[in-house]
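Coordinate analysis (summary)
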There are 2 protein chains.
Amino acid sequence: MEILKVSSNSKPKAIAGALSFAIQENKNVSLQAVGAGAVNQAIKAIAIARGYLAPFGINLVTYPEFKEIEIDSEEKTAIRFMVETR
Amino acid sequence: MEILKVSSNSKPKAIAGALSFAIQENKNVSLQAVGAGAVNQAIKAIAIARGYLAPFGINLVTYPEFKEIEIDSEEKTAIRFMVETR
């Protein structure tokens, strides 16, 4: 499972490119975001990646899961976006 | 299509309840969010609704779309989360 870590500073188009590439390589891929700004960028990236992949007949869907992670010894709740084709 | 409008002040559990109810009634439902805070609440709601629906054998997935909307005569870009069962 490839995990793309998304921050509030991540560029949605760049994440969308990496995500689309991974999907086209048939990799299992997910996005991980901590905080509202990062979640927003992740969602924009998925919306953009849907547009990149649609001409190839690929229809991306996602589902979010809560994931407890540790950052600098602090426990945070991340959102993990599982990404799949349909 | 039922559209649940989500704001940054919306309570994820309340949205999750409304979403789960609509899905169990076999309605077409989507969430609409403007801004990072609202997108974050919408995603939390979908994650929670997945937990509500899993015991019924219902597996929710979503996909985001950009949607131009008008709020107080200003054009804004909303994220529309299409919600489906798989």
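The structure reproduced in this document is the subject of the present report. Treat the numbers as computed from the prediction; the structure is a model and nothing was measured.

1. Quick look at the packing of helix 1 (residues 12-24) of chain A against helix 2 (residues 36-53) of chain A
All names here are of chain A. Close contact between helix 1 and helix 2 brings their axes to 8 Å; oriented N to C, the two are set at 55°. By the angle class used here, helix 1 and helix 2 are oblique. The crossing of helix 1 and helix 2 is right-handed. Residues P12, K13, I15, A16, G17, L19, S20, I23 and Q24 of helix 1 form the contact with helix 2, whose participating residues are Q41, K44, A45, I46, I48, A49, Y52 and L53. Counted by class, the contact of helix 1 with helix 2 contains 11 nonpolar, 4 polar and 2 charged residues.

2. Quick notes on the relation of the copies chain B and chain A
With an RMSD of 0.0 Å, chain B superimposes on chain A once it is rotated by 180° and translated 0.0 Å along the axis. The transformation relating the two chain copies, once decomposed into turn and shift, fits a two-fold axis.

3. Topic: the packing of helix 2 of chain A against helix 2 (residues 36-53) of chain B
Two elements in contact, helix 2 of chain A and helix 2 of chain B, have axes whose closest approach is 8 Å; the angle formed by their N-to-C orientations is 80°. By the angle between their directions, the pair helix 2 of chain A and helix 2 of chain B is classed as roughly perpendicular. Between helix 2 of chain A, through A36, G37, V39, N40 and I43 of chain A, and helix 2 of chain B, the contact on the second element is made entirely by A36, G37, V39, N40 and I43 of chain B. Across the contact of helix 2 of chain A with helix 2 of chain B, the residue classes tally to 6 nonpolar, 4 polar and no charged.

4. Examining the pairing of strand 2 (residues 29-33) of chain A
Residues and elements named next belong to chain A. Burial of strand 2 is extensive: 5 of the 5 residues sit out of reach of the surface. Of the two faces of strand 2, the one carrying V29, L31 and A33 and the one carrying S30 and Q32 are both buried. As paired strands, strand 1 (residues 2-6) and strand 2 are joined by 5 bridges and run parallel to one another. Note on strand 2: the bridge partner recorded for K5 is Q32.

5. What to know about the pairing of strand 3 (residues 60-71) of chain B
Residue and element names in this part refer to chain B. The pairing of strand 3 with strand 4 (residues 74-85) spans 12 bridges and is antiparallel. Residue pairing for strand 4: F66 is matched across the bridge by I79. If you look at the hairpin formed by strand 3 and strand 4, you'll find 2 residues sitting between the two strands, and D72 has a positive phi there, around 50°.

6. Description of the interface of chain B and chain A
Each partner contributes residues to the interface: chain B has 22 residues there, and chain A has 21 residues. At the boundary of chain B and chain A, one finds 2 salt bridges. E84 of chain A serves as the salt-bridge partner of R86 of chain B, at 2.4 Å between the closest nitrogen and oxygen. Linking chain B with chain A are 3 residue pairs in polar contact (both at pLDDT 80 or more), by the criterion used here. Elements with a contribution of two residues or more to the side of chain B that touches chain A: helix 2, strand 3 and strand 4 of chain B. For the side of chain B that touches chain A, the element with the most residues is helix 2 of chain B, which contributes 10 residues. By residue class, the composition of the side of chain B that touches chain A is 13 nonpolar, 4 polar and 5 charged.

7. Some remarks on helix 1 (residues 12-24) of chain B
Every α-helical turn comprises 3.6 residues, leaving residues that sit three or four positions apart pointing alike. Residue and element names in this part refer to chain B. Between its terminal C-alpha atoms helix 1 stretches 18 Å, which fits the 18 Å expected from 13 residues at 1.5 Å a residue. Buried within helix 1 are the following residues: P12, I15, A16, L19, S20, A22 and I23. Buried residues along helix 1 cover an arc of 160° about the axis, so they all sit on one side. For helix 1, exposure combined with an orientation more than 90 degrees from the buried face picks out K13, A14 and F21. Taken together, the buried residues of helix 1 touch strand 1 (2-6), strand 2 (29-33), helix 2, strand 3 and strand 4. Two residues or fewer past helix 1, N26 is found with a positive phi of approximately 60°.

Definitions and limits used
- Residues numbered from 1 in each chain as written.
- Chains lettered and ligands numbered in written order.
- Predicted model: local features only at pLDDT ≥ 70, side-chain atom pairs only at ≥ 80, totals over all residues.
- Heavy atoms only, no water.
- Axes fitted to C-alpha atoms, helices over the stretch in contact; angles between N-to-C directions.
- Helix = DSSP H or I, 4+ residues; strand = E, 2+ residues; numbered from the N terminus.
- Parallel < 35°, antiparallel > 145°, perpendicular 65-115°, else oblique.
- Left-handed = near helix turned anticlockwise from the far one by under 90°.
- Contact = heavy atoms within 4.5 Å.
- Nonpolar A, V, L, I, M, F, W, Y, C, P; charged D, E, K, R; others polar.
- Least-squares fit on C-alpha atoms with pLDDT ≥ 70 in both.
- Buried < 20%, exposed > 50% of the residue type's maximum accessible area, 1.4 Å probe, protein only.
- Pairing = 2+ DSSP bridges.
- Salt bridge = Lys/Arg side-chain N within 4 Å of Asp/Glu carboxyl O.
- Polar contact = N/O pair within 3.5 Å; in protein donor to acceptor, adjacent residues only side chain to side chain.
- Expected span 1.5 Å × (residues − 1).
- Arc of directions from axis to C-beta.

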